[in-house]
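Summary of structural features
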Amino acid sequence: MTEQAVLSADERRGLAGFAGVMIPASAEYAVPGADDPAIVADMVSTLGRDAPWVRAALQRLDALAEGCFADLPEARREDVAHRLREEGGAALATLCRVVLQCYYRDDRVLLSLGIEPRPPFPKGHVLEQGDWSLLDPVRQRASMWRRVE
Amino acid sequence: MADTVDVLIIGAGASGAAVAWSLAETKMRIVCLEQGGWTRPEEFPSTGRDWEARQNGDFATSPNVRARPADYPINDDNSPIKVVNFNGVGGSTVLYTGHFPRLHPSDFKVRTLDGVADDWPVDYETLAPFFAENDRMMGVSGLAGDPAYPPKQPQMKPLPLGRTGARWGQAMNSLGWHWWPSDTTLATEAYEGRAACINLGHCTPGCAQGAKGSVDITYWPAALRAGVDLRTGCRVREIVTNDAGMATGVIYYDAEGVERFQAAEVVVLACNGVGTPRLLLNSASARFPEGLANSSGLVGRNLMFHPYIQVFGYSDEAVDGNRGSPLCLWSKEFYETDPARDFVRGYMFQFNRGTGPVSEAVISTENGRLPFGKEHHTVFRRSLHRKMSLSVVVEDLPEAHNRVTLDPVLKDGHGIPAPKVDYTVGENSRRMIEHGVARAKRILAAAGCGDIGVQNPILYGGWHLLGTARMGTDPERSVVSEWGRCHDVKNLFIVDGSIFVTAGAVNPTSTIQALALYIADQMKQRLATLFD
Ligand SMILES: Cc1cc2nc3c(=O)[nH]c(=O)nc-3n(C[C@H](O)[C@H](O)[C@H](O)COP(=O)(O)OP(=O)(O)OC[C@H]3O[C@@H](n4cnc5c(N)ncnc54)[C@H](O)[C@@H]3O)c2cc1C
């Protein structure tokens, strides 16, 4: 599926506009916003089965904006996005998830969080054993399972 | 393929695999029909950068969301808990978390001990050798000496405590409450061809490394070597019976969608607590108008889920997050009945580690914790890898109105009527939940966590599907006998979670499989008189 086939240009601008309200760029943490072109492109190209819900949420944003959400000035976009959040619903939940799942797999974002940008397999992770002497008081407890006879 | 096989097993999940392996030593001709296929390790989400996203797509736990061709839809609109499963070789163990407690001895005697529900027709002692045999086949890690259980000996050392586990341990010690490293089927050492766990931290959507003991890599290779014929992509539509009321075989659709009949001397149902009643109800005939094996009217009734309530908080420093198995410890402090409480039976605490960045962000956005705008970054950085959560795992009692029926409209890809689930959380469970949540909050506070939240119940938490074709000695009050044979159809057996009489308050797979091995053993011992 090509990017164009999934969302129209206006829908794509709406998606970027909403993503930017959700997660703006931060100079403090040196991270892009979720409206960064590479992150939005990831969202669009991997929408798959979420496309109908995302489209529905974007239409709802336009309805709340009484026009084109993407064309609103920034402060109004924030206002409309917050109104949709208050409304809730499955379409909004899907839209938010789509934004978050692409934002939090972007290399720049993961590196800023101290996470190596890679899948879990094949390297896995190192987990410390922890202090097993913590279990000593429990080992000393009397048997506590209920006898049936 | 109409030539008659000796044993036809329907479903290649936890119980079907165990029965196939056990019966194989008889050298009978055994065929297993499974509607799904094999999953290759490289297909699992943890091999790709989209590992978290795929939990909402092709590796979703809900068959309604996953919607693969092997899945059948389930109408669970009228249930606060949604059914989750996996349909393929390995069944739901492909997606299970591998937490592997056994039922307790008292769980088999609830009527005698507490005056509720019914006693089981088998007990812990009878199942003990089959628990042990199953542990050997599945490969269990854990620690001997748990005062909450009769003695048992896991094959491998327990999972690491890690930082999160140590915090849980300190908290429980400060309260003087029981806790213990969980029995799990995650290999902590090399075991029977499985490599030791390297902490992918993403066990539930399938273990790409093969450390998790799902039955596609434990029982099935052994059963296939012993000669069992496993046919994938074969969805059974109905079990066919003759005038004598005996099963003659099944009608199924093969991988090409062609309708076929497979004749069999013995049919074994292993489709789980939703799939099995569905198939029995879909097998209604003139002789069995209310569904097959349903003269008691109990097929589909008494569905038990174990309501799961998740209580979570955030610690003041980073803990393990997703960098280890999601589950690590249990507590049985409130498991057994205490007459001083306003409920009977009890619950288990199941302690979790944490989640990855996407899951943290999605869940915290949904529950309103994570704001939109500039503040998002600060709050997220205060949350990531700091979440600690535990589940209150509640024993729900069998209630006839909690049930699986056939949906009048919904159908699967082959046009076979789909199941409908009606379920409410009972009054005893509600009181138990209140008790458990209050204590879970104390545990979190003792672990130094703030920002405490509750998800009651976990929405997609219908992973334990139990009770819908229960065992018993009285044909009017049960569907199968004390050794798994249907009272109404003498060559039809049920071996999956639907035969549970009560649910206990632990994850059921260890007990489901021990029961399946016990039933297979009974069949082997009674071969000469199997249909008497
Ligand atoms: C996300 C998740 C986490 C879980 N975590 C745990 C855990 O930590 N510990 C634990 O003990 N349990 C856990 N469980 C539950 C565990 O997986 C089940 O208890 C166990 O697999 C049930 O075994 P079963 O044999 O009854 O059914 P299943 O394993 O579900 O197998 C049933 C099989 O039958 C097949 N089938 C159904 N209908 C048909 C048909 N008409 N024709 C052909 N084939 C059919 C299905 O495709 C499936 O493969 C979890 C489950 C899930 C989904």
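So, here's what we can say about the structure. (Residues numbered from 1 in each chain as written. Chains lettered and ligands numbered in written order. Predicted model: local features only at pLDDT ≥ 70, side-chain atom pairs only at ≥ 80, totals over all residues. Heavy atoms only, no water.)

All names here are of chain B. With 138 residues, the main nonpolar core has Trp220 and Ile239 as its most contacted residues. The dominant element in this core, judged by the number of residues it contributes, is helix α11 (residues 509-525), at nine residues. Once you skip the residues sitting within four places of it in the chain, Trp220 turns out to touch Ala12, Gly16, Ala17, Ala20, Cys32, Trp38, Val89, Gly90, Val215, Val228 and Leu230. (Core = buried A, V, L, I, M, F, W, Y, C linked by side-chain atoms within 4.5 Å. Buried < 20%, exposed > 50% of the residue type's maximum accessible area, 1.4 Å probe, protein only. Helix = DSSP H or I, 4+ residues; strand = E, 2+ residues; numbered from the N terminus. Contact = heavy atoms within 4.5 Å.)

What follows covers the pattern of salt bridges. This structure, assessed with the given rule, holds 42 salt bridges over all chains. Linking Asp10 of chain A and Arg13 of chain A is a salt bridge whose minimum nitrogen-to-oxygen distance equals 3.5 Å. Remark: Arg13 of chain A and Asp10 of chain A occur in helix α2 (residues 9-22); sequence separation between them is three residues, near one turn of the helix. Ionic pairing is found between Asp316 of chain B and Arg167 of chain B, a salt bridge with its closest N-O pair at 2.8 Å. (Salt bridge = Lys/Arg side-chain N within 4 Å of Asp/Glu carboxyl O.)

Further remarks concern the site of the ligand. All names here are of chain B. Close to the ligand lie 37 residues, the nearest being Ser15, Glu34, Ser92, His99 and Thr509. Taking Ala270, its main chain carries an N or O atom lying 3.5 Å from an oxygen atom of the ligand. Side-chain polar atom of Thr509 to an oxygen atom of the ligand: 2.8 Å apart, as the coordinates give it. Its free accessible area being 1,000 Å², the ligand has 98% of it covered by the protein chains. Among the elements of the structure, α1 (14-24), β6 (235-241) and α11 are those that each provide at least two residues to the shell around the ligand. (Near = heavy atom within 4 Å. Polar contact = N/O pair within 3.5 Å; in protein donor to acceptor, adjacent residues only side chain to side chain. Areas by Shrake-Rupley, 256 points an atom, 1.4 Å probe, with all protein chains shown as cover.)

Attention now moves to the interface of chain B and chain A. With 73 residues of chain B in contact, the opposing surface of chain A contributes 55 residues. For chain B, the biggest contributors to the area lost against chain A are Arg49, Phe372 and Arg381 of chain B; these three give 16% of the whole. One can count four salt bridges joining chain B with chain A. In this structure, Glu333 of chain B engages Arg141 of chain A in a salt bridge whose closest nitrogen and oxygen atoms are separated by 2.8 Å. Along the contact surface separating chain B from chain A lie 25 residue pairs in polar contact (both at pLDDT 80 or more). When contributions to the side of chain B that touches chain A are tallied by element, the ones reaching two or more residues are α2 (63-66), α3 (110-114), α5 (162-175), β4 (180-181), α8 (357-366) and α9 (375-383) of chain B. Counting residues per element, the side of chain B that touches chain A draws most heavily on α8 of chain B, which supplies seven residues. (Buried area = accessible area lost by both parts, 1.4 Å probe.)

Here we come to the side chain of Asp216 of chain B. Residue and element names in this part refer to chain B. Mapped onto the fold, Asp216 is located in the loop between β4 and α6 (219-225). Polar side-chain contacts of Asp216 include one of 2.5 Å to the side chain of Ser214. Apart from residues lying up to four places away in sequence, Asp216 is in contact with Trp38, Thr39, Val89, Gly90, Val94 and Pro221.

With an omega of 10°, the peptide bond running from Phe121 of chain A to Pro122 of chain A counts as cis. Counting through the fold element by element, Pro122 of chain A comes out in the loop between α7 (107-112) and α8 (136-139). Looking along the chain, the bond that leaves Asn456 of chain B and enters Pro457 of chain B is cis, with omega of -15°. Its location among the elements puts Pro457 of chain B in the loop between β15 (450-455) and β16 (492-494). Unlike most non-glycine residues, Ala30 of chain A shows phi in positive territory, near 55°. For Ala30 of chain A, the location among the structural elements is in the loop between α2 and α3 (37-45). Relative accessible area serves as the criterion here: at 61%, Ala30 of chain A is assigned to the exposed category. Non-glycine residue Arg345 of chain B carries a positive phi angle of around 65°. Tracing the chain through its elements places Arg345 of chain B in the loop between β10 (327-331) and β11 (347-352).

The next subject is the pairing of strand β13 (residues 403-411) of chain B. Looking down a regular strand, the side chains alternate between one sheet face and the other. All names here are of chain B. Taken together, the five bridges between β13 and strand β14 (residues 417-422) define a ladder with antiparallel strand orientation. Bridge pairing in β14 places Thr405 opposite Lys420. Counting the residues that bridge the hairpin from β13 to β14 gives five residues, and of these Gly415 lies at a positive phi of roughly 80°. (Pairing = 2+ DSSP bridges.)

Next up on the list: the sheet that holds β13 of chain B. All names here are of chain B. Strand order in this open sheet of three strands is β3-β14-β13, and the pairing throughout is mixed. Every other strand in the sheet has two partners, leaving β3 (75-78) and β13 as the edge strands with one partner each. Along the sheet, successive strands turn relative to each other by an average axial angle of 40°, direction set aside. The sheet contact formed by β3 and β14 spans two bridges and is parallel. (Axes fitted to C-alpha atoms, helices over the stretch in contact; angles between N-to-C directions.)

Our focus in this paragraph is the packing of aromatic side chains. Residue and element names in this part refer to chain B. One pass over the full model with this rule turns up 20 aromatic pairs over all chains. Ring plane angle 90° and centroid distance 6.1 Å describe the contact between Phe334 and Phe349, whose orientation is recorded as edge-to-face. With a gap of 15 residues between them, Phe334 in the loop between β10 and β11 and Phe349 in strand β11 connect regions that are remote in the sequence. The class of Phe334 is buried, set by a relative accessible area of 8%. (Phe/Tyr/Trp six-rings, centres within 6.5 Å; stacked < 30°, edge-to-face > 60°.)

Our next topic: the environment of Gly139 of chain B. Residue and element names in this part refer to chain B. Examined against the element boundaries, Gly139 turns out to sit in the loop between α4 (124-138) and α5. Under the relative-accessibility criterion, Gly139 is labelled buried at 0%. Those residues in contact with Gly139 that sit more than four places away from it in its chain are Gln155, Met156, Thr184, Thr185, Tyr191 and Arg194.

On to helix α5 (residues 74-87) of chain A. Residues and elements named next belong to chain A. Taking 1.5 Å of rise per residue, 14 residues should cover 20 Å, and α5 covers 20 Å from first to last C-alpha, within 8% of that figure. Residues Arg77, Val80, Ala81, Leu84 and Arg85 constitute the buried set of α5. Seen end-on, α5 carries its buried residues on one side only, within an arc spanning 145°. Away from its buried face, by an angle of more than 90 degrees, α5 presents the exposed residues Ala75 and Glu86. (Expected span 1.5 Å × (residues − 1). Arc of directions from axis to C-beta.)

Our focus in this paragraph is the pairing of strand β8 (residues 259-269) of chain B. Residue and element names in this part refer to chain B. With five bridges joining them, strand β1 (residues 5-10) and β8 adopt parallel strand pairing. Following the sheet pairing, Leu8 is matched in β8 by Val267. Summarising the sheet, strand β7 (residues 247-253) and β8 pair through five bridges and their orientation is antiparallel. Each bridged residue has a counterpart across the sheet, and for Tyr253 the counterpart in β8 is Glu259. What sits between the antiparallel neighbours β7 and β8 is a turn of five residues, in which Gly257 has the positive phi angle 85°. Pairing geometry for β8 and β16, over three bridges, is parallel. Paired with Leu269 across the two strands is Ile494, which belongs to β16.

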